[in-house]
Amino acid sequence: MTTGSSSNTGPTHKLVEAGVTLLIALFGVIVIAGSLKAGINWGPEGPRAGFFPFYIGLFIIASSGINLWNGLREDNDGLFAEWGQLRQVLSVVIPTGIYVGSMPFIGLYVASTIFIAWFMRWLGKYNWITVLAVALGMPLVTYLIFERWFMVPLPKGPVEEWLDL
Amino acid sequence: MEELVNLFHGFAVALQPYNIMLMVIGIVLGVIIGVLPGLGGANGVAILLPLTFSMSPTSAIIMLSCIYWGALFGGAITSILFNIPGEPWSVATTFDGYPMAQQGKAGEALTAAFTSSFVGALFAVVMITLVAPLVASFALQFGPAEKFAVYFLAFCSFVGLSKEPPFKTIAAMMIGFALAAVGLDSITGQLRLTFGVTHLLNGFDFLIAVIGLFGIGEILLTMEEGLAFRGGKAKINLRVVLQTWKELPKYWMTSLRSCFIGCWMGITPAGATPASFMSYGIAKRMAKNGKNFGKGEIEGVVAPETAAHAAGTAALLPMLSLGVPGSPTAAVLLGGLLIWGLQPGPMLFVEQKEFVWGLIASMYLGNIVGLLVVLTCVPIFAAILRVPFSIIAPLILVLCAIGAYSVHSSTFDVMLMLVFGVIGYLLKKCNYPLAPLVLAIVLGDKAEEAFRQSLLGSQGSFGIFLSNPLVSTIMILGLIALFWSVIQEGYTRLRATVAGPGSRAA
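Calculation notes
- Residues numbered from 1 in each chain as written.
- Chains lettered and ligands numbered in written order.
- Predicted model: local features only at pLDDT ≥ 70, side-chain atom pairs only at ≥ 80, totals over all residues.
- Helix = DSSP H or I, 4+ residues; strand = E, 2+ residues; numbered from the N terminus.
- Contact = placed C-beta atoms within 7 Å.
- Rg over C-alpha atoms; globule rule 2.2 N^0.38 Å.
- Buried ≥ 20, exposed ≤ 12 C-beta atoms within 10 Å, placed from the backbone.
- Expected span 1.5 Å × (residues − 1).
- Core = buried A, V, L, I, M, F, W, Y, C linked by C-beta atoms within 7 Å.
- Domains from an automatic or database assignment.
- UniProt positions renumbered as here; feature names shortened; annotations may be inferred.
- Nonpolar A, V, L, I, M, F, W, Y, C, P; charged D, E, K, R; others polar.
- pLDDT = per-residue confidence, 0-100.
- Bend = angle between axes of the 7 residues up to and from the residue.
- Axes fitted to C-alpha atoms, helices over the stretch in contact; angles between N-to-C directions.
- Parallel < 35°, antiparallel > 145°, perpendicular 65-115°, else oblique.
- Left-handed = near helix turned anticlockwise from the far one by under 90°.

By the naming in an unreviewed UniProt entry, chain B goes by Tricarboxylate transporter and is assigned to Bradyrhizobium retamae.

Per an unreviewed UniProt entry, chain A carries the name Tricarboxylate transporter and comes from Bradyrhizobium retamae.

Shown next, in the form of structure tokens:
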């Protein structure tokens, strides 16, 4: 696989870690807000629904605070990842996002075929014969194993309807 | 001797041809899962769980647990041949396994690894057979407070024993609890934390989280590194196997010690990974030729492999007898029990004898089958690793999507899986442990229920958690586990000052 550009720049580990910690703290705030809405005090059946998650939310915020403090104090000038590496990661995340987003409309089989073919052709630079063999073979095997042998239905789209599967 | 009779019944169940077939399938799938990057034990079992919905629970658990054994075996192959630990618990195996392979002794290293895995697992299964029924019958007397104390102990040992910073472990764990709380509250029947999103009515399924965090997250990490496989050829024949077997009994002491470390670490939910490191470290210190460790010493393969496998197997003891899984994979298996309509915990030993003992018997048989399969098929499994990542990766992503979809037949879950994947990537990069997060999602509802019921019984007084000797003991053990690293540090510092400077062992 190509390793993208070899430039040694990228976001610092400290920055990303602080960002992640803040996101976790934000999650804690959301949990507390939701708990307050559900009620955190005692009701007729004992502690109400928000009682337990409220304290969980407090714990999240408290531990995030300590993590943020520790992370900022740490003497770590390393990179989180190089831009080239992040591009590699995104080159998987974005297509996968399109893949899972299109699944409700075109079904799993068609989406998988396109996804595998794209991945192998774009990132793996395989010739079309190999690409087609794997991209068509995998969904077929999946169909046989899941739908036929184990009778687990998978999402289908217009093509499967047209083929009457 | 009632247990012995039960065990024989279990063997009768496990030895049915259909179940034997499932065992072989499970082991083969498991080894493949263990060999491939991005498909760990927990995640592999989670993806394949829906396949078992149409089976009887006993057959299903036999197959799934065999996938688990297979994954444990498989990790060793990649570590030794390619210096790539397929699983975190095989990292310690690379230290001496890979140098051995480079010296042309891959066959010996693999045989040693598989055999020690087998010994470790067998030791742990015998332990489970003897101890699990006792623990279960003891746990039958547990009330809500004791139950909560057991959960408390489990989660505290995570904080105290994991190598990640304690507050990151706590944060990860609490995220898990919060995710578990989303949806219908089981006690009051009230909705909470859904913020009006109908998809969240049933909360977050931990299977989706497992597939996303471990599967997709791992793929993203691998993409970043841009893996290139370069590894030795695996040749393993009967002569090498027999020769290595002749040599192995020399290391019985290392092996036994690793078995104990493994069992102990497996029961406390710290799991196989620290067990393998600890066992390697201790073996290095105790062995005669300890200074050769890291250069291809067979004992350095025996120690971590025995401990990892013993821990992986022992992790099922608390899952079966208390309903508290000792590892993420055990947590997935526990989730499977719930889906099949079985209630994990002590009642299982009373109500579902056939299931429990069928599973325990299959642990014996599965590991024998596993040893035979891996010894004979190493070249085939090693060949899988030579398939380039750009073919493997999309196939694994598709498999993860299928697994996530088939849990509830919901495409929303598939998108959720991707979100969990990105979160898993970020958390892993920032040194947050994922195992406690998953365990908290699995156990969150139960822990909360036990907590609230105890408080209900005591009218809101926290004194209930110290109200009798049993519950106090468990709670205090939990607190010791929670502050374990602090205690340990204090102890070494104390000893160092008492013994005077300069005398501290390296």
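### Details of the overall build of chain A
Scanning chain A from terminus to terminus reveals five helices and two strands. The helix and strand sequence of chain A, counted from the amino end, reads α-β-β-α-α-α-α. Dimensions of chain A along its principal axes, counting C-alpha atoms only, are 60 × 55 × 25 Å. Relative to all contacts within chain A whose residues are 6 or more apart in sequence, the contacts with residues 24 or more apart total 64%.

### With respect to the overall build of chain B
Along chain B, the regular secondary structure elements total 22 helices and two strands. Taking 506 residues into account, the globule formula puts the C-alpha radius of gyration at 23 Å, and chain B, at 22 Å, falls close to it. Overall, chain B is about 65 × 60 × 55 Å in size when its C-alpha atoms are taken along their principal axes. Expressed as a percentage of its 506 residues, the buried residues of chain B come to 62%. When contacts within chain B are restricted to residue pairs at least 6 apart in sequence, long-range pairs at least 24 apart make up 79% of them.

### Observations concerning helix α9 (residues 206–225) of chain B
In this model α9(B) runs 28 Å from its N-terminal to its C-terminal C-alpha over 20 residues, within 8% of the 28 Å that 1.5 Å per residue would give. Here α9(B) lies mainly inside the structure; 18 of its 20 residues are buried.

### Section: the nonpolar core
Side chains of a nonpolar character, in soluble globular proteins, are inclined to be buried together. If you look at the biggest cluster of nonpolar residues, it comprises 224 residues, and the most contacted ones within it are Ile80(B), Val210(B), Met417(B) and Val438(B). Taken domain by domain, the makeup of this core includes at least three residues from each of domain 1 (13–73) and domain 2 (83–163) of chain A. Apart from residues no more than four positions distant in its own chain, Val438(B) is found in contact with Gly176(B), Phe206(B), Ala209(B), Val210(B), Leu213(B), Pro328(B) and Ala331(B).

### Examining the UniProt feature "transmembrane region" (unreviewed entry) in chain A
All names here are of chain A. When the UniProt feature table is mapped onto this chain, "transmembrane region" (unreviewed entry) is found at residues 20–40, 52–72, 92–119 and 126–146. For residues 20–40, helix accounts for 90% and strand for 0%, while the C-alpha atoms at its two ends are 28 Å apart. When the span residues 92–119 is considered, its composition is 100% helix and 0% strand, and the gap between its end C-alpha atoms is 8 Å.

### Regarding the interface of chain B and chain A
Contact residues are listed per partner, giving 53 residues for chain B and 59 residues for chain A. In terms of residue count, helix α18 (residues 389–408) of chain B provides more of the side of chain B that touches chain A than any other element does, 12 residues in total. Residues belonging to the side of chain B that touches chain A are distributed by class as follows: 37 nonpolar, nine polar and seven charged.

### Comments concerning unusual backbone geometry
Here the phi dihedral of Lys125(A) falls at roughly 55 degrees; this positive angle occurs in a residue that is not glycine. Tracing the sequence through the fold places Lys125(A) in the loop between α3 (83–122) and α4 (128–149).

### Quick word on the UniProt feature "domain: DUF1468" (unreviewed entry) in chain A
In this numbering, the UniProt entry assigns the feature "domain: DUF1468" (unreviewed entry) to residues 22–155 of chain A. The span residues 22–155 of chain A is 76% helix and 3% strand, and its two end C-alpha atoms sit 37 Å from each other.

### Some thoughts on the confidence of the model for chain B
All names here are of chain B. The predicted model of chain B has a mean per-residue pLDDT of 84, with 94% of residues at 70 or higher. Confidence scores differ between elements of chain B, with helix α10 (residues 238–247) showing the lowest mean pLDDT of 79 and helix α19 (residues 411–429) the highest of 93. Low confidence marks residues 502–506, where pLDDT is under 50. Its contacts with residues over four positions away, or in another chain, come to one contact. For this predicted complex, the interface score ipTM comes out at 0.90, while the overall pTM is 0.85.

### With respect to α3(A)
Along its 40 residues, α3(A) runs just 19 Å from first to last C-alpha, ending more than 12% under the 58 Å computed at 1.5 Å per residue. The largest bend along α3(A) measures about 125 degrees and falls at Ile106(A).

### Topic: the packing of helix α2 (residues 51–73) of chain A against helix α8 (residues 166–181) of chain B
Where α2(A) meets α8(B), the closest approach of the two axes is 9 Å, and the angle between their N-to-C directions is 150 degrees. Judged by the angle between their axes, α2(A) and α8(B) are roughly antiparallel. Once α2(A) is placed against α8(B), the crossing between them reads as left-handed. Contact residues: Phe52(A), Pro53(A), Ile56(A), Gly57(A), Phe59(A), Ile60(A), Ser63(A), Ser64(A), Ile66(A) and Asn67(A) in α2(A); Phe167(B), Lys168(B), Ile170(B), Ala171(B), Met174(B), Ile175(B), Phe177(B), Ala178(B) and Ala181(B) in α8(B). Grouping the amino acids of the contact of α2(A) with α8(B) by side-chain chemistry returns 14 nonpolar, four polar and one charged.

### Digging into the packing of helix α6 (residues 106–139) of chain B against helix α13 (residues 299–314) of chain B
Residue and element names in this part refer to chain B. The geometry of α6 relative to α13 is characterised by a closest axis approach of 7 Å and an angle of 35 degrees between their N-to-C directions. The element α6 and its partner α13 pack so that their crossing is right-handed. Packed against α6, whose contacting residues are Ala109, Ala112, Ala113, Ser116, Ser117, Val119, Gly120, Ala121, Phe123, Ala124, Val125 and Met127, the element α13 presents Val301, Val302, Glu305, Thr306, Ala307, His309, Ala310, Thr313 and Ala314 at the interface. Residue composition of the contact of α6 with α13, grouped by class: 14 nonpolar, six polar and one charged.

### What about the environment of Lys250(B)?
Residue and element names in this part refer to chain B. Of note, lysine 250 is situated in the loop between α10 and α11 (252–267). Given 12 C-beta atoms within a 10 Å radius, lysine 250 is considered exposed. Spatially, the C-alpha atoms of lysine 250 and phenylalanine 260 are 18 Å apart, while their sequence positions differ by 10 residues.

### Side note on the environment of Pro318(B)
Residue and element names in this part refer to chain B. Considering the arrangement of structural elements, one finds proline 318 in helix α14 (residues 316–322). On the basis of neighbour count, proline 318 is assigned to the buried category, with 26 C-beta atoms found within 10 Å. Along the sequence, proline 318 and cysteine 377 sit 59 residues apart, while their C-alpha atoms lie 33 Å from each other. Setting aside residues up to four positions removed in sequence, proline 318 forms contacts with Ile267, Val324, Pro325 and Gly326.

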